[in-house]
Amino acid sequence: MANGQWYPEEWPERIRALAEGRLTPVEPRRAATVMLLRDTGTDTGPAVHMLRRRASMAFAGGAYAYPGGGVDPRDDDLHVRWAGPTRAWWADRLGVDETAAQAIVCAAVRETYEEAGVLLAGPTPDSVVGDTTGPDWETDRAALVARDLSFAEFLDRRGLVLRSDLLGAWARWITPEFETRRYDTWFFVAVLPEGQRTRNASTEADRTVWITPGEAASSYDKGDLTMMPPTIATLRGLIPYGSAAEALSSAPEHDLTPVLARASLADGEIVLAWPGHEEFTKHIPVGGAPA
């Protein structure tokens, strides 16, 4: 592997099966993930919070990623105290209806809390909670992880307002059709709120780091950090920004057209390509390994 691109050994056979019509794609689940940023006080720009998925994980084991996960359908329906752009605005931005928009934004905020201990919500529309590391917070966080408590119920119980204005929608990637686990994932950017701190709260991760996008991309290019295409692509997109606030303010300018890998058979090989992201293109000889 010339770089750190995650490439499961079962992909070639599944790609061949899809190209030959022997594989029916599964429907992707809605998901959200958050690039949480903080300033470093240096000219290298902000750092991003990343976690390394445990090697035992069935999906992307050993790869570096951001806090994220699937949408909880319960957050489609229950009313959530809401600050920032309206649900209609988010629906237009994310390309879904208003109930789905609420659930996707809730997933982004919930997963950041579940996996990093950071909560983008406050008692009023212009405030954010402080330290969330106390035992009562941990009890609620564990209930969220176990899905014993929906995020809407959690916010209501604590009288909290979801701060959608602290999020910016950055990108949208859909897991390739040949994968066994598929996700339609919206990538968000957010700034670490003052007074809060991250921690490895995820049972799916064995390590967390704050790292500048440039450093992470360099380590990926050298093969030292393993990442999926969406992760390294979004990391590269963060490199030009000098501060966390600058990156967040630029989010509305980013294109949310879904990126979906395509596999095709041509001249005795399978070509795997992500439109608009040529660096991830793979040429796989029929019966061989990727080049």
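Look above for the structure.
This structure is a prediction, so every number in the text was calculated from the model and none was measured.

Novice: It is not clear to me how the pattern of salt bridges should be interpreted in this structure. Could you clarify?
Specialist: Between side chains of opposite charge, a pair can form when the charged atoms approach closely. Across all of its chains, the model carries 18 salt bridges by this definition. The salt bridge involving Arg81 is made with Asp156; its shortest N-O contact spans 3.3 Å. In this pair, Arg81 is assigned in the loop between strand S4 (68–70) and strand S5 (82–83) and Asp156 in helix H5 (residues 151–158), connecting sequence segments 75 residues apart. Notably, a salt bridge pairs Arg141 with Glu138, separated by 2.9 Å at the nearest N-O pair. Taken together, the residues Arg141 and Glu138, both in helix H4 (residues 135–145) and three residues apart, mark about one turn of the helix. A relative accessible area of 8% means that Arg141 is categorised as buried. Its relative accessible area of 27% is what places Glu138 among the partly exposed residues. If you follow the salt bridges from partner to partner, you end up with Arg110, Glu111, Glu114 and Arg147 in one network.

Novice: I'm lost on the packing of helix H2 (residues 87–94) against helix H3 (residues 98–116) in this one. Help?
Specialist: A pair of packed helices is captured by two measures, namely the crossing angle of their axes and the spacing between those axes. Two elements in contact, H2 and H3, have axes separated by 8 Å at closest approach and are oriented at 85 degrees. In terms of their interaxial angle, H2 and H3 are classed as roughly perpendicular. In this structure, H2 contributes Arg87, Ala88, Trp90, Ala91 and Leu94 to the contact, and H3 contributes Glu98, Ala101, Gln102, Ile104 and Val105. A breakdown of the residues in the contact of H2 with H3 according to their chemical character gives seven nonpolar, one polar and two charged.

Novice: Help me understand the sheet that holds strand S6 (residues 121–122), please; the structure alone is not making it clear to me.
Specialist: Pairing is mixed across the open sheet formed by three strands, whose spatial order is S5-S7-S6. The open sheet has two edge strands, S5 and S6, and neither has a second partner. For S5 and strand S7 (residues 161–163), the ladder comprises two bridges, and the chain directions are parallel. Note on S7: the bridge partner recorded for Ala83 is Arg163.

Novice: I tried to follow the nonpolar core on my own but got confused; where do I start?
Specialist: Side chains of a nonpolar character, in soluble globular proteins, are inclined to be buried together. Ranked by internal contacts, the top residues of the largest apolar core, which has 41 residues, are Leu94, Leu119, Phe154, Leu167 and Phe188. The dominant element in this core, judged by the number of residues it contributes, is H3, at nine residues. Contacts of Leu119, omitting those with residues within four sequence positions, involve Val109, Tyr113, Val128, Val129, Thr132, Trp137, Phe151, Phe154, Leu160, Pro193 and Gln196.

Conventions adopted
- Residues numbered from 1 in each chain as written.
- Predicted model: local features only at pLDDT ≥ 70, side-chain atom pairs only at ≥ 80, totals over all residues.
- Heavy atoms only, no water.
- Salt bridge = Lys/Arg side-chain N within 4 Å of Asp/Glu carboxyl O.
- Helix = DSSP H or I, 4+ residues; strand = E, 2+ residues; numbered from the N terminus.
- Buried < 20%, exposed > 50% of the residue type's maximum accessible area, 1.4 Å probe, protein only.
- Axes fitted to C-alpha atoms, helices over the stretch in contact; angles between N-to-C directions.
- Parallel < 35°, antiparallel > 145°, perpendicular 65-115°, else oblique.
- Contact = heavy atoms within 4.5 Å.
- Nonpolar A, V, L, I, M, F, W, Y, C, P; charged D, E, K, R; others polar.
- Pairing = 2+ DSSP bridges.
- Core = buried A, V, L, I, M, F, W, Y, C linked by side-chain atoms within 4.5 Å.

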